[in-house]
Amino acid sequence: DLGVFEADEFVALISIIRRDVGIYEGHVWAKRKTKIEHLASAVSWVVERLIEDLQMRLGYVWIAKKNRPIKKMCTMAGLRFDGATLTDGESHGKPIEWQRFSSYGQEEASH
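Reference entry: report on the structure contained in this document. (Residues numbered from 1 in each chain as written. Predicted model: local features only at pLDDT ≥ 70, side-chain atom pairs only at ≥ 80, totals over all residues. Heavy atoms only, no water.)

## A look at the layout of surface pockets
Here's step 1: Put simply, the largest pocket is a space of about 470 Å³.
Here's step 2: Along its surface, the largest pocket is lined by 22 residues, and Val-28, Trp-29, Ala-30, Asn-67 and Ile-70 are the ones closest to its centre.
Here's step 3: Among the elements of the structure, β3 (23-30), α1 (36-54), β4 (58-64) and α2 (68-76) are those that each provide at least two residues to the lining of the largest pocket.
Here's step 4: Class assignment for the residues of the lining of the largest pocket results in 14 nonpolar, 4 polar and 4 charged. (1 Å grid on protein atoms, 1.4 Å probe; cavity = no way out; pocket = protein on both sides within 12 Å on 5 of 7 lines; lining within 4 Å. Points joined across faces, edges and corners; volume = space filled by probe spheres on them. Helix = DSSP H or I, 4+ residues; strand = E, 2+ residues; numbered from the N terminus. Nonpolar A, V, L, I, M, F, W, Y, C, P; charged D, E, K, R; others polar.)

## Here's the deal with the environment of Asn-67
Here's step 1: Turning to its location among the elements, Asn-67 is positioned in the loop between β4 and α2.
Here's step 2: Its relative accessible area of 31% is what places Asn-67 among the partly exposed residues.
Here's step 3: As a C-alpha pair, Asn-67 and Trp-98 span 31 residues in sequence and 9.4 Å in three-dimensional space.
Here's step 4: Among the polar contacts made by the side chain of Asn-67, one reaches the main-chain amide nitrogen of Ile-70 at a distance of 3.3 Å. (Buried < 20%, exposed > 50% of the residue type's maximum accessible area, 1.4 Å probe, protein only. Polar contact = N/O pair within 3.5 Å; in protein donor to acceptor, adjacent residues only side chain to side chain.)

## Overview of α2
Here's step 1: Taken together, the buried positions of α2 are Lys-71, Met-73 and Cys-74. Angularly, the buried residues of α2 cover 155° about the axis, an arc narrow enough to put them on a single face. For α2, exposure combined with an orientation more than 90 degrees from the buried face picks out Arg-68, Pro-69 and Lys-72.
Here's step 2: Looking at the residues trailing α2, positive phi occurs at Gly-78, about 95°. (Arc of directions from axis to C-beta.)

Structure representation (C-alpha cells):
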C-alpha cells in the first residue's frame, strides 16, 4: 500500500496485489476532488517501479465502465483498456460492468 499526498494531505491510496510471478493487480482509492494529474503521476511512478524493481510482466486495474475520470487517469498514467470486461456487483439496482486497463512490462511489450 502506498499513500499519495498533496501539500501534506493524504488524498489517495494505491494498493498492489501480486497475483502471480510478474503479474500485479492494482487498486486506487482517492478522495473526491483529488487532482487527476497528481494521481496519474503517482500511478505511473508505481508502474515504473514494478517494471524496473520487480520485473512486472503485466499490471492491471479493473475500472467501472462508467467511471470516466478514473479511466482518463489510467490513460494518462500509460495504462490502456485491453478489451477484457466482467460484470460483478451492482449499483442502484443495476449490474456494474468493469473494464481492465493494463500495462505490460518490457518483456511482454515486445511480443
